[in-house]
Amino acid sequence: MVMTASSRAPQGGGSSDTERSPFIRLNELLAPHQPGKPLITLAVGEPQHPVPDFVGPELARHIADFGRYPLGKGIEPFRKAAAAWLSSRFRLPRPVDPESEVLVLNGSREGLFFAAITAARYVGPRPGKPAILMPNPFYPVYGAGARAAACEQVYLPTTVENGFLPDLDAIDEATLARTVAFYLASPANPQGSVASRDYFIRLKQLADRHGFVILSDECYSEIYTREAPGSALECAGPDFTRVVAFQSLSKRSNLPGMRVGFAAGDRKFLSMFLELRNVAAPQVPVPLQHVGAVAYGDEAHVEENRRLYRIKFDLADQIIGNRYGYRRPDGGFCVWLKTSELGDDVAVTLKLFREAGVRVVPGSYLARLQPDGFNPGAGFIRLALVQDGETTAQALHRLVETLG
């Protein structure tokens, strides 16, 4: 049966709605209703796997450092650990210099936000209104960063036809000429697509030709069940010019509440980035940086993390099968299901909550309208497989039983 959204539900057509947090909109959508079964939340990408054993002891060792103001660039042990991890994990053109090419972040989100402002200053005047390009659907902080940088937000639709990555050939020269930054997420949120080496090379060629900065969001790079995703830094040239990669311990190490990550790449950009961060950005407590240094030196907990996600994607393969356009993602822990044949995604979300007690996110809430009125997220729902295996299996069975 085809479903339509309740007239009380927030709709995706107005810019005032699409500028808002998709999770606040989801809360408002579901608030008048009760879950039909004990609630299982697959909406927020908040890892639920155990916190690594080393976190508590390492915090205890450095507890007195909560009495210090942290330096903006980060403590040397953290920067060295992050640089060493990058060099061991990716095939970089040369080792990253921890002194000038790594900056600690209070989680990757705030770094991605402030990077847009830095990019507008770093690149300088453009012919016409400066623009920041981003995939659509996308992580909302990209749009917030572009707005704060007084740049036009240019949405590049990511659909099944283009492999859920922005079509670089579809961007016109006039737009590229006024671009100051290009946000790319690989693995992508929400679809889990991964950029190939050739894709990164082509994007870098465009950045060099037009002088814009690549802001590569790689926070999901360590969550995969088959091949390890690459990094934009691998194709950035010997000086990482115009390329900055963003990493986080939230997904890799199950530490979303610790708020520790880093940016690495173009040293001139990072120097300007640090100047802005020193006066405007949140600092990272020193004890947390010490935990981060240990985390980037340990792969055992990351391998166990991947094993747990692999189990859950095996369950999705078995339970969902070939329904709803399901495909096992190349990276990340989200499932992107096409439910347009069952009705619009807001109505499907309501049905799952009211009848199955499963909380998901409507795809239209994660995207913005294209100039032609097309919403690339419409007709999809996103599931974050962050719960334990038993709970995940129960949620997926409920979903299939409810949607048919």
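Residues numbered from 1 in each chain as written. Predicted model: local features only at pLDDT ≥ 70, side-chain atom pairs only at ≥ 80, totals over all residues. Heavy atoms only, no water.

With an unreviewed UniProt entry as reference, the chain is termed Aminotransferase, source organism Bradyrhizobium centrolobii. Taken verbatim from the UniProt record of the chain, the Sequence similarities (unreviewed entry) comment is "Belongs to the class-I pyridoxal-phosphate-dependent aminotransferase family." In its Cofactor (unreviewed entry) section, UniProt records this for the chain: "pyridoxal 5'-phosphate". (UniProt positions renumbered as here; feature names shortened; annotations may be inferred.)

1. Let's talk about the packing of aromatic side chains
The relative placement of two aromatic rings is captured by the distance of their centres and the angle of their planes. Here the structure, examined in full by the defined rule, presents 17 aromatic pairs. With 6.1 Å between their ring centres and 70° between their planes, F78 and Y296 make a pair best called edge-to-face. Of the two residues, F78 is situated in helix α4 (residues 76-89) and Y296 in helix α11 (residues 286-296); the sequence distance between them amounts to 218 residues. Just as F78 is buried, Y296 falls in that class too. Considering the side-chain rings of W85 and Y296, the 5.2 Å spacing of their centres and the 45° angle between planes classify their relative orientation as tilted. (Phe/Tyr/Trp six-rings, centres within 6.5 Å; stacked < 30°, edge-to-face > 60°. Helix = DSSP H or I, 4+ residues; strand = E, 2+ residues; numbered from the N terminus. Buried < 20%, exposed > 50% of the residue type's maximum accessible area, 1.4 Å probe, protein only.)

2. Concerning the domain arrangement of the chain
Taken as a whole, the chain is organised into domain 1 (22-45 + 301-403) and domain 2 (55-297). When each unit is reduced to the centre of its C-alpha atoms, the spacing between domain 1 and domain 2 is 26 Å. Tallying the contact residues gives 27 residues for domain 1 and 31 residues for domain 2. In total, domain 1 and domain 2 occlude about 2600 Å² of area from one another, counting both sides; carbon and sulfur atoms represent 53% of this. Three residues stand out in domain 1 for area buried against domain 2, namely R306, W336 and R368, and they jointly supply 22% of the buried area on that side. Counting across the domain 1 and domain 2 interface gives 0 salt bridges. Linking domain 1 with domain 2 are 17 residue pairs in polar contact (both at pLDDT 80 or more), by the criterion used here. Of all the secondary-structure elements, those providing two or more residues to the side of domain 1 that touches domain 2 are α12 (300-320) and β9 (334-338). Ranked by the residues each element gives to the side of domain 1 that touches domain 2, the list is headed by α12, at 7 residues. Residues of the side of domain 1 that touches domain 2, tallied by class, amount to 13 nonpolar, 7 polar and 7 charged. (Domains from an automatic or database assignment. Contact = heavy atoms within 4.5 Å. Buried area = accessible area lost by both parts, 1.4 Å probe. Salt bridge = Lys/Arg side-chain N within 4 Å of Asp/Glu carboxyl O. Polar contact = N/O pair within 3.5 Å; in protein donor to acceptor, adjacent residues only side chain to side chain. Nonpolar A, V, L, I, M, F, W, Y, C, P; charged D, E, K, R; others polar.)

3. Let's talk about the layout of surface pockets
Taken as a whole, the largest pocket spans an internal volume of roughly 600 Å³. Together, 28 residues line the largest pocket, and F23, G45, R109, Y139 and K251 are the ones closest to its centre. Mapped onto the lining of the largest pocket, the elements with two or more residues apiece are α2 (22-30), α5 (108-123), α6 (140-148) and α9 (249-252). The leading source of residues in the lining of the largest pocket is α6, at 3 residues. In the lining of the largest pocket, the residues fall into 16 nonpolar, 6 polar and 6 charged. Among the domains, domain 1 (22-45 + 301-403) and domain 2 (55-297) are the pair contributing at least three residues each to the lining of the largest pocket. (1 Å grid on protein atoms, 1.4 Å probe; cavity = no way out; pocket = protein on both sides within 12 Å on 5 of 7 lines; lining within 4 Å. Points joined across faces, edges and corners; volume = space filled by probe spheres on them.)

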